[in-house]
Structures are given as structure tokens and as C-alpha cells.
Amino acid sequence: MITTIIFDLAEVYLKGFCGVEDYLEDILGMKAIEIRDKLQGSEEFQLLMEGKITEDEFWKKVIKRNNWDIEIHHFKKAIRENFDEIEGTREIIEELKEKGFKMGLLSDHSREWIDHCEKKFDYHKLFHSTQYSFEVECCKTDKRTFELLLEKLNEKPENCLFIDDSQRNIDIAKSLGLKTIQFKDHEQLKKELASFSIILN
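Rules of the game
- Residues numbered from 1 in each chain as written.
- Predicted model: local features only at pLDDT ≥ 70, side-chain atom pairs only at ≥ 80, totals over all residues.
- Heavy atoms only, no water.
- Buried < 20%, exposed > 50% of the residue type's maximum accessible area, 1.4 Å probe, protein only.
- Helix = DSSP H or I, 4+ residues; strand = E, 2+ residues; numbered from the N terminus.
- Arc of directions from axis to C-beta.
- Contact = heavy atoms within 4.5 Å.
- Pairing = 2+ DSSP bridges.
- Axes fitted to C-alpha atoms, helices over the stretch in contact; angles between N-to-C directions.

1. Re helix H11 (residues 186-194)
- For H11, the complete set of buried residues consists of His 186, Gln 188, Leu 189 and Leu 193. Buried residues along H11 cover an arc of 155 degrees about the axis, so they all sit on one side.
- Those residues of H11 that are buried lie in contact with strand E1 (4-7), helix H6 (89-98), strand E6 (160-164) and strand E7 (179-182).

Okay, here's the thing in C-alpha cells:
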């Protein structure tokens, strides 16, 4: 029986790092797809998510690695302007909470970005427990991330439903015994929740 529902943050509730490259096209004189390849999947991005370097240190490393002639404030402005709520997700979370589900948030994110997003969107009050990668110094690619949140929620994996946009994260959650939904949009999420007998308005 599902008693607890755990949401990812980026690309599920909030637009995250994906799309920031569009803001940088004119500044860098490059196509968005080229910029994206140079920003994501790097060693410094992992360190940022794990809270082992600051946002400023991250951008300095990115600039140096790519030999870009650009000030850090352009990147910081771009990422903050990119953060926005994804249509329909907040309403789903609110309704699930009203129905009595224990709500968890599990996110790979940086400290500085979360400070900004919590103030701007005031979403953390929707959840009974939140856990960010920078707090525990490990990301969802590490099973310990899920195990730590389950401990905080005092819940067994078989009673939990995990919602994330990443297939890799979904596969790790499944391997631990959690039920899963790979998020695409709010309408698809409602349909898949119904397959678990969770019917929403």
C-alpha cells in the first residue's frame, strides 16, 4: 500500500538547469546545444551538487575549462531566470497532501540555487521531509541518497512511490523496491497515479 510519495524537484516541480543554455546563446555567441554539452555532466557539476564547491567556484571552473570570456554574474542571472514552476505539479502535490499521503522531496541541487528557489516559490512547506544532495554530499546515483530519505520519513521502500524525470534515477529507486513514475507532464502524471488507484481531480 502506498503511504508516501516522493517527488524530484528539477524538471518535475521546477524548471531546473535544463534550458539555461538558451539564455546564454547571445552572450556566448554559441548555439544552445553546444553550451548544454559544455555545462552538464562535468566533474565540477557533480561537486556542486554534492555541496563540495560553491556556485561561484563552479562557474569559475566552467569558464576556465571552456576558455570563455564572460563574467560569472551572467551565469548566475541566467540560472535564476530559468527557474520557474512547471504547470500543474504544485496542484498535484497539494492534492496528494490533502488526501493524507506523506510527502517527500528528494533533489540533486546546489545550496545557492535552493536558497533562491525556496524563497521565490515557497514550496518546501508542501513536504513533510526534504533532502538535497548538497546536505548529504551524495546524489541520486548513489543508493544511500534514497536510504537516507527513507530513514528520515521512517518508511519502507515498498510503501513509497517515487516520481522523477530521469530514467537512471527511476531505475535506482526500483532496485531498492520503490514504486516509480517517470515524469513527463502533469496530465501524464495524473494518469499514472490513477494506475496506482490514486485518483485526482
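Resuming the write-up.
2. Some remarks on helix H1 (residues 20-28)
- Listed as buried for H1 are Val 20, Glu 21, Leu 24 and Leu 28. Projection of H1 onto a plane perpendicular to its axis shows the buried side chains occupying an angular sector of 75 degrees, all on one side.
- Elements that come into contact with the buried residues of H1 comprise helix H2 (32-39) and helix H5 (72-82).
- Backbone geometry just after H1 places Gly 29 at a positive phi near 65 degrees.

3. Some details on unusual backbone geometry
- Positive phi, close to 60 degrees, is recorded for Glu 137, a residue that is not glycine.
- Looking at the secondary structure, you find Glu 137 in the loop between helix H8 (133-136) and helix H9 (143-153).
- A relative accessible area of 45% means that Glu 137 is categorised as partly exposed.

4. Description of the sheet that holds E6
- Taking strand neighbours across the sheet as the criterion, the 5 strands line up as E5-E4-E1-E6-E7 in an open arrangement whose pairing is parallel. Two strands lie at the open edges of the sheet, namely strand E5 (129-132) and E7, each paired on one side alone. Going across the sheet, the axis of each strand differs from the next one's by a mean of 20 degrees, ignoring polarity.
- Where E1 and E6 come together, 4 bridges link them in parallel fashion. Across the sheet, residue Ile 6 finds its bridge partner in E6, namely Phe 162.
- Of the strands in this sheet, E1 and strand E4 (102-107) are in contact with H6, which crosses E1 at around 160 degrees.
- The strands touched by H11 are E1, E6 and E7; relative to E7, the strand with the most contacts, the crossing angle is about 155 degrees.

5. Describing the environment of Phe 183
- Within the secondary structure, Phe 183 is located in the loop between E7 and H11.
- Under the relative-accessibility criterion, Phe 183 is labelled buried at 6%.
- Sequence separation between Phe 183 and Cys 139 is 44 residues, and the spatial gap between their C-alpha atoms is 19 Å.
- For Phe 183, the contacting residues outside a window of four places in its chain are Glu 11, Val 12, Ile 86, Thr 89, Ile 163, Asp 164, Asp 165, Gln 188 and Leu 189.

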